[in-house]
Amino acid sequence: MKTRVADSRNFAYLNWKQVDALPRDRTLLILPTAAIEQHGPHLPLATDTLINNELLGRALDLLPADAPVYALPPVCYGKSNEHIGFPGTLSVSASTFMAVLRDLGASLSAAGFQRIAIFNTHGGNSSLVDVMARDLRAEFGLRTFTIFGSAGATFEGLNPQERAYGFHAGELETAFLLAAAPGLVDTSAYTVNYIASIEHKPLLAPENGAANFAWLTRDIAASGVMGDPRPATASNGELWLSAAAQRIASVLLEILAFHEPGQSTGGEAQA
Ligand SMILES: [Zn+2]
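As a starting point, this report considers the structure included with it. Source: prediction; values computed, not measured. (Residues numbered from 1 in each chain as written. Predicted model: local features only at pLDDT ≥ 70, side-chain atom pairs only at ≥ 80, totals over all residues.)

## Some thoughts on the nonpolar core
Core analysis: the largest hydrophobic core is formed by 61 residues, its most contacted members being Ile30, Ile116 and Phe176. Within the residue set of this core, elements represented by two or more residues are strand S1 (28-33), helix H2 (47-61), strand S2 (69-71), helix H3 (94-110), strand S3 (115-120), helix H4 (126-140), helix H6 (171-180) and helix H8 (234-257). Setting aside chain neighbours within four positions, we find Phe176 in contact with Ile51, Glu54, Gly237, Trp240 and Leu241. (Core = buried A, V, L, I, M, F, W, Y, C linked by C-beta atoms within 7 Å. Buried ≥ 20, exposed ≤ 12 C-beta atoms within 10 Å, placed from the backbone. Helix = DSSP H or I, 4+ residues; strand = E, 2+ residues; numbered from the N terminus. Contact = placed C-beta atoms within 7 Å.)

## With respect to the pairing of S1
For S1, the buried fraction is high: 6 of the 6 residues fall into the buried class. Side chains Leu28, Ile30 and Pro32 of S1 all project onto a buried face; the interleaved residues Leu29, Leu31 and Thr33 project onto the opposite face, where all are buried too. In this sheet, S2 lies alongside S1 in parallel orientation, the contact comprising 3 bridges. Within the sheet, the bridge partner assigned to Leu29 lies in S2 and is Tyr70. Pairing between S1 and S3: 6 bridges, direction parallel. Along S3, the bridge assignment pairs Leu29 with Ile116. (Pairing = 2+ DSSP bridges.)

## Digging into H8
For H8, with 24 residues, the first-to-last C-alpha span of 35 Å sits near the 34 Å given by 1.5 Å per residue. For H8, the complete set of buried residues consists of Asn236, Gly237, Trp240, Leu241, Ala244, Ala245, Ile248, Ala249 and Leu252. On the buried face of H8, the contacting elements are S1, H2, S2, strand S4 (143-148) and H6. (Expected span 1.5 Å × (residues − 1).)

## Points about unusual backbone geometry
Excluding glycine, most residues fall at negative phi; most peptide bonds, likewise, are trans. Within the chain, Ala151 stands out as a residue other than glycine whose phi angle is a positive 55 degrees. Checked against the element boundaries, Ala151 lands in the loop between S4 and helix H5 (160-165). Ala151 sits in the partly exposed class, given 18 other C-beta atoms within 10 Å. With a phi close to 60 degrees, Ala169 is a non-glycine residue in the positive phi region. The class for Ala169 is buried, based on 28 C-beta atoms found within 10 Å.

## Regarding the pairing of S3
Residues in a regular strand project their side chains so that they alternate between the two faces of the sheet. The element S3 is largely enclosed, with a buried count of 6 among its 6 residues. Side chains Arg115, Ala117 and Phe119 project from S3 onto one buried face, and the interleaved Ile116, Ile118 and Asn120 project onto a second face that is buried too. Relative to S4, S3 runs parallel, the two being bridged by 6 bridges. When the sheet's bridge partners are listed, Ile116 is paired in S4 with Thr144. In this region the chain leaves S3, passes through H4 and returns to the parallel neighbour S4; the handedness of that crossover is right-handed. (Right-handed = clockwise from strand over helix to strand, strands pointing away.)

## Looking at the packing of H2 against H8
Remark: H2 packs on H8, axes separated minimally by 8 Å, with the N-to-C direction vectors making an angle of 60 degrees. Relative to H8, the element H2 lies oblique. For the element pair H2 and H8, the recorded crossing hand is right-handed. Two secondary-structure elements touch here, H2 through Glu54, Leu55, Arg58 and Ala59 and H8 through Leu241, Ser242, Ala244, Ala245, Ile248, Ala249 and Leu252. A per-class count over the contact of H2 with H8 returns 8 nonpolar, 1 polar and 2 charged. (Axes fitted to C-alpha atoms, helices over the stretch in contact; angles between N-to-C directions. Parallel < 35°, antiparallel > 145°, perpendicular 65-115°, else oblique. Left-handed = near helix turned anticlockwise from the far one by under 90°. Nonpolar A, V, L, I, M, F, W, Y, C, P; charged D, E, K, R; others polar.)

This is the structure in structure tokens:
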């Protein structure tokens, strides 16, 4: 398994005796979720999974060595039916995706772990991740956290149109890959399409509007790209990867220290 996550942070590189020795009440396990789906003619199918792995590996490198945090192997297949019709998109249904998360939560809970963060880098999974975070909390008593993408990091130099509507295979994702895996980017195959413009502010929007319309990529862009990859550079990619990794590392430290607002510190509530 080729991964950017350091061996010392890789849960699947431990043996069961080493897992058994982990402090159950303090250990934070991170479950990455992503996708294998079309990313236009210039980026690979694994883009969301590669970005997840790069961001997580970098973020974990920033934690103190004694922080009890481990990355689980990623759930690479996600709910990607917004990209149906593009060869290479491998999508699982909402019920399958949720069942996988539920079963992994059951395994971790049975082993005594109490804290899980789902680190998701595919927008199509987001609403399911939110549902499952609450369900794992309710069914198994797991303290469950969700982190999406760059965790709200601000990207210096990313233009407002791209920031708002660079949904897919646009400047940000292309810059990330130019920095992390340049051999996988075909810089001669860029195309540009936007799902909406920041100039117009109708009530009805693809996301975060007064009301939203459900979209499929093929309704918007024959190439599969929703954004503008042309201004992407490796140096911006490096800058933005490191900004996002810093932000994610800070989030992980808060998660390690987290107690529900209704609880006093000291005693951990048992599941
Ligand atoms: Zn993507």
